[in-house]
Amino acid sequence: MDFINDLRKELETYFARVMPKTKLCKLYNKIPLELANQVGVQRVNLVETTDLLERFLNYDNRNIRCIKRNVKRSKELENNLTCDEFKQYSSVVDEIEDSLRNGKCVNHRISKQVVRGDTNDKMLNGWRIYHFHLGEKRPNKKYCERTGALLMVYIPRNEDTAYMVDIMPQHNNDGCAFANTDYLTIIEKNWPELLGEYVMKVDDEISSNLTIDSRVDLQRKNIIAGVNVNGKTIMPPGIGYALDGSSISIRIKASKLCEKVIECQKQYECSKCETDAVHLKLNDNDWCFEILDGESVIARIPY
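These numbers were taken from a predicted model, which means no experiment stands behind them. All residue numbers refer to position in the chain's written sequence, counted from 1. Local features are withheld for residues below a pLDDT of 70 in this predicted model, meaning they are given only at 70 or higher, and side-chain atom pairs are given and counted only at 80 or more; totals for whole chains, interfaces and linings count all residues. Excluded from the side-chain calculation are hydrogens and water; included are all heavy atoms of the structure.

Undergrad: Sorry, what's going on with the overall build of the protein chain here?
TA: Each helix and strand counted, the protein chain has 10 helices and 9 strands in total. Against the compact-globule benchmark of 19 Å for 303 residues, the protein chain has a radius of gyration of 21 Å, which places it among compact chains. Three labels apply to residues, based on accessible area from a 1.4 Å probe with only protein chains included: buried if under 20% of the type maximum, exposed if over 50%, partly exposed otherwise in between. The proportion of buried residues among the 303 residues of the protein chain is 50%. Contacts are assigned to residue pairs with any non-hydrogen atoms lying within 4.5 Å of each other. Across the protein chain, contacts joining residues at least 24 apart in sequence account for 63% of those joining residues at least 6 apart. For the protein chain, the computed accessible surface area is about 16000 Å², with 48% contributed by carbon and sulfur atoms. Secondary structure is summarised from DSSP: a helix means a run of H or I of at least four residues, a strand means a run of E of at least two, and numbering begins at the N terminus for each. The globule rule used for comparison is 2.2 Å times the number of residues to the exponent 0.38, while the radius of gyration itself is calculated over C-alpha atoms. Each accessible area is a Shrake-Rupley result for a 1.4 Å probe, and residues are judged covered by the shown protein chains and nothing else.

Undergrad: Just to check I follow, could you spell out the state of the cysteines for this structure?
TA: Covalent bonding between the sulfur atoms of two cysteines is what defines a disulfide. Defined by distance alone, a disulfide is two cysteine sulfur atoms within 2.5 Å. One pass over the full model with this rule turns up 0 disulfides. Left unpaired, Cys 105 is separated from the closest cysteine sulfur, that of Cys 66, by 4.3 Å. Cys 105 gets classed as partly exposed once you look at its relative accessible area, which sits at 40%.

Undergrad: Sorry, what's going on with the packing of aromatic side chains here?
TA: What describes a pair of aromatic rings is the distance from one ring centre to the other and the angle between the planes of the rings. Think of it this way: a Phe, Tyr or Trp ring, Trp meaning its six-membered ring, pairs with another when their centres are within 6.5 Å, and the plane angle makes it stacked under 30 degrees, edge-to-face over 60, tilted otherwise. Inspection of the entire model under this criterion finds 8 aromatic pairs. Judged by centre distance (5.0 Å) and plane angle (80°), the ring pair of Tyr 14 and Phe 56 falls under edge-to-face. Placement of the pair is Tyr 14 in helix H1 (residues 3-18) and Phe 56 in helix H3 (residues 41-62), with a sequence separation of 42 residues. Just as Tyr 14 is buried, Phe 56 falls in that class too. Among the aromatic residues, those joined into a ring-pair cluster are Tyr 14, Phe 15, Phe 56, Tyr 59, Phe 289 and Tyr 303.

Here's what the structure looks like:
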């Protein structure tokens with residue numbers, strides 16, 4: 001019985017299936033042989049598996065799960081869909097809303113960067129804001145036509161409500177477009193209860209006085225900053241990102257999941273199960289890792 005080894009094999013198989021063009025070595029930090037000899041094989045396997053799990057959870061986080069959701073629109077979005085610049089996207093926004101409400105897949109509208117596996121979405125990691133492309137669906141293609149204008153949608157962690165915030169104009173891959181704090185201002189204005197837990201009790205004058213160019217520079221350097229929203233200083237509702245740009249909340253989640261896997265192994269080692277038959281398996285359809293005794297599921301660890 002070795003659940004960490006099972007976990008690693010399951011993740012490697014998963015990535016080979018969903019990212020056949022991505023080299024596995026890009027998805028985790030390989031520990032140098034000299035250091036590996038010092039800390040031992042078991043410790044190395046745990047560290048590398050945790051890295052791989054973090055990338056798996058990052059991929060899961062960047063894709064939007066196909067579950068039925070409540071959907072709300074901001075007044076700003078409603079107004080913009082009536083103006084000449086954006087009214088052409090009204091029917092596409094309606095289609096996205098219908099898909100979110102009915103648990104249909106919308107991942108053909110997200111960034112293509114997701115399939116690389118080794119990239120980070122800092123707007124998502126920082127602010128929990130997804131961006132949707134608004135082009136036509138393409139037959140036999142995984143993604144829709146890319147558009148300069150993007151629909152910005154806020155989906156809080158562990159919630160089944162999606163908040164349609166606004167449409168970003170032609171972004172031209174400009175960093176300023178993805179560091180625009182107006183989207184958080186719209187969220188706070190339309191649904192003030194969503195950001196309440198992230199309000200700092202002490203005003204942060206530095207964050208309040210940051211220019212958009214300064215924010216872009218900080219974002220490129222993977223430095224987190226608060227945001228002045230309607231006179232309040234808000235910390236990133238997505239928790240933020242580490243110095244390598246990866247999500248802090250995902251990193252914490254990966255570490256806790258590995259701890260849970262080890263805890264489960266210890267539990268079953270002390271039980272009366274036939275330990276040779278007990279193993280861990282990924283069930284990505286139900287978003288969990290299953291503990292099986294032979295073919296029978298005896299426990300589930302949701303992710």
